[in-house]
Amino acid sequence: MDKKLKETILNPILKGNPITVLILGICSSLAVTVQLKGALVMAISVTLVTGLSSLVCSLLRNSIPMRVRIIVQLVVVAMMVILVDQVLKAGEGTYAIDKQLSVYIGLIITNCIVMGRIEAFALGNKPIPSLLDGLANGVGYGLILIIVAFFRELLGSGTLFGLRVLPAAYVPNNLVILPPFALILLGCIIWAHRAWDKDLQEK
Amino acid sequence: MEYISLFVKSIFVDNMIFAYFLGMCSYLAVSKNVKTANGLGLAVIFVLFFTLPINWVLNTYVLQPGALKWLGPQFAEVDLSFLSFIVFIAVIAAFVQIVEMIVEKYLPSLYSSLGIFLPLIAVNCSILGGSLFMQQRDFPTLGEPLVYALGSGIGWYLAIVCLAAIREKMSYSNVPAPLKGVGITFITVGLMGMAFMIFMGIQL
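Conventions used here
- Residues numbered from 1 in each chain as written.
- Chains lettered and ligands numbered in written order.
- Predicted model: local features only at pLDDT ≥ 70, side-chain atom pairs only at ≥ 80, totals over all residues.
- Heavy atoms only, no water.
- Helix = DSSP H or I, 4+ residues; strand = E, 2+ residues; numbered from the N terminus.
- Buried < 20%, exposed > 50% of the residue type's maximum accessible area, 1.4 Å probe, protein only.
- Rg over C-alpha atoms; globule rule 2.2 N^0.38 Å.
- Areas by Shrake-Rupley, 256 points an atom, 1.4 Å probe, with all protein chains shown as cover.
- Lys, Arg positive; Asp, Glu negative; His and termini not counted.
- Charge placed at Lys NZ, Arg CZ, Asp CG, Glu CD.
- 1 Å grid on protein atoms, 1.4 Å probe; cavity = no way out; pocket = protein on both sides within 12 Å on 5 of 7 lines; lining within 4 Å.
- Points joined across faces, edges and corners; volume = space filled by probe spheres on them.
- Contact = heavy atoms within 4.5 Å.
- Buried area = accessible area lost by both parts, 1.4 Å probe.
- Salt bridge = Lys/Arg side-chain N within 4 Å of Asp/Glu carboxyl O.
- Polar contact = N/O pair within 3.5 Å; in protein donor to acceptor, adjacent residues only side chain to side chain.
- Nonpolar A, V, L, I, M, F, W, Y, C, P; charged D, E, K, R; others polar.

Draft legend 1. Layout of the overall build of chain B. Counting its regular elements, chain B contains nine helices and zero strands. Ordered by position from the N terminus, the helices and strands of chain B form the series α-α-α-α-α-α-α-α-α. Along the three orthogonal principal directions, the C-alpha set of chain B runs to about 70 × 45 × 30 Å. Expressed as a percentage of the 204 residues in chain B, the buried residues total 51%.

Written as structure tokens, this is what we have:
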């Protein structure tokens, strides 16, 4: 594999992580992290949508007029999200999760990561690297989602993937389940990431 | 009375930012000073106030299961709700584009202060989120979506102006280097969210 392609795949996962470094796609990422199961489904959905819409937009890149490109991109992304949503609704085990994620599946359309990757990468690159870039960004997003969900489910209900991990004597911390804690936790993850990688610190 | 209750609830209790994290990306990116935050906040109120009722009308008369009954009895079974994402986002994107053109042509002074934020708004989650929540809540008449849109918009406006004011002051304080910028902003928003939680459970 040549070096540039490797860079395309590895960069979004750590050095250019969409959530902690580029601060994109925060909107949906925090609300779905109360439980690991929902976070995992969301991560997979976003990865697929980002990858596939980057691929399609990259194929179309020479025929989209610049002035209306936002609408064209939105339609492509919306189509992908509808596909994902219908698949989730149809699956026996995933229907309950789709209900629990409620509007946030639909909000993948306006997830800044998807649009951001199309604008920044897919419109200027060939289809295959665009697909990989989209998928890698989805994975980078999913990684943070899983980390946040891990702490929130463990401390908030004492379980992981619905299985009890902490002893029954543990009193669940209700603050962890509430929305503000997700923000504080994410702030701490960004703190840790930037303390470890000093190049990312803001002046 | 119900309208007032819905209005207050959508501003404080179901605040777009603190309860649902909607529109977070532009919320964090454009809250460095109060002036630009003000512009974006007003633009969000404006777009939300018009697109949400338009989407309500489309949802009630075209998309819902059985919504096409007015075309004739043979359409009573039609369910187009799987199209709602694409219809909603198309309405929002088209509305934003049209408003941008009109403002550019007739109100150049407003355009120079608001114009740069308008394209950003098409992909602001709070706009699409508002429409999706509207669909989920099944508002019976056109009055509710109007009040809900205005309330959510004001809630978002309030949140971004508050954060911008705090960040302006915070730029003078001594924050640990890795936490500077985004990190401390997240924690600030979290603390603001906790403050907003005192409104939870208010019954009007």
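Draft legend 2. A look at the overall build of chain A. From N to C terminus, chain A includes 10 helices and two strands. The N-to-C order of helical and strand elements in chain A reads α-α-α-α-α-α-α-α-β-β-α-α. Scaling as 2.2 N^0.38, a compact globule of 203 residues should have a C-alpha radius of gyration of about 17 Å, and chain A matches this with 18 Å. Taken across its 203 residues, chain A has 50% of its residues classed as buried. Per element, the accessible surface of chain A, about 9200 Å² overall, is 70% carbon and sulfur. A distance of 3 Å separates the average location of the 17 positive side-chain charges in chain A from that of its 11 negative side-chain charges.

Draft legend 3. View of empty space enclosed by the protein. Summed over all chains, the structure comprises one cavity of 30 Å³ or more. Together, P179 and P180 of chain A together with F12, V13, N15, F18, A19, G193, F196, M197 and M200 of chain B line the largest cavity. The set of elements that each furnish at least two residues to the lining of the largest cavity consists of α10 (179–196) of chain A together with α1 (2–13) and α9 (182–196) of chain B.

Draft legend 4. Spotlight on the interface of chain B and chain A. At the junction of the two partners, chain B supplies 41 residues and chain A supplies 42 residues. Interface area lost by chain B to chain A is led by F21, F85 and F186 of chain B, which between them contribute 19%. Viewed at the interface, chain A and chain B are joined by zero salt bridges. Viewed at the interface, chain A and chain B are joined by one residue pair in polar contact (both at pLDDT 80 or more). Within the residue set of the side of chain B that touches chain A, elements represented by two or more residues are α2 (24–29), α4 (84–106), α7 (125–137) and α9 of chain B. A per-class count over the side of chain B that touches chain A returns 31 nonpolar, nine polar and one charged.

Draft legend 5. Local environment of the pattern of salt bridges. Residues and elements named next belong to chain A. Summed over all chains, the structure comprises five salt bridges over all chains. The salt bridge partner of K15 is D197, with a shortest N-O separation of 3.2 Å. On the criterion of sequence distance, the pair formed by K15 in the loop between α1 (3–10) and α2 (26–31) and D197 in the segment after α10 is long-range, its members being 182 residues apart. One continuous salt-bridge network, built from bridges that share partners, spans D85, K89 and D98.

Draft legend 6. Up close: the layout of surface pockets. Of the pockets and cavities examined, the largest pocket occupies roughly 830 Å³. Surrounding the largest pocket, 39 residues form its lining, I70 of chain A together with S26, P119, L120 and V123 of chain B being those nearest its centre. For the lining of the largest pocket, the secondary structure elements donating two or more residues are α4 (69–90) and α7 (112–120) of chain A together with α2, α4, α6 (118–122) and α9 of chain B. The leading source of residues in the lining of the largest pocket is α4 of chain B, at six residues. Space inside the second largest pocket adds up to approximately 580 Å³. Forming the walls of the second largest pocket are 21 residues, and the residues nearest its centre are K89 and K99 of chain A together with S84, F85 and Q135 of chain B. Broken down by element, the residue count for the lining of the second largest pocket peaks at four residues, all from α4 of chain A. For the lining of the second largest pocket, the per-class residue count stands at seven nonpolar, eight polar and six charged.

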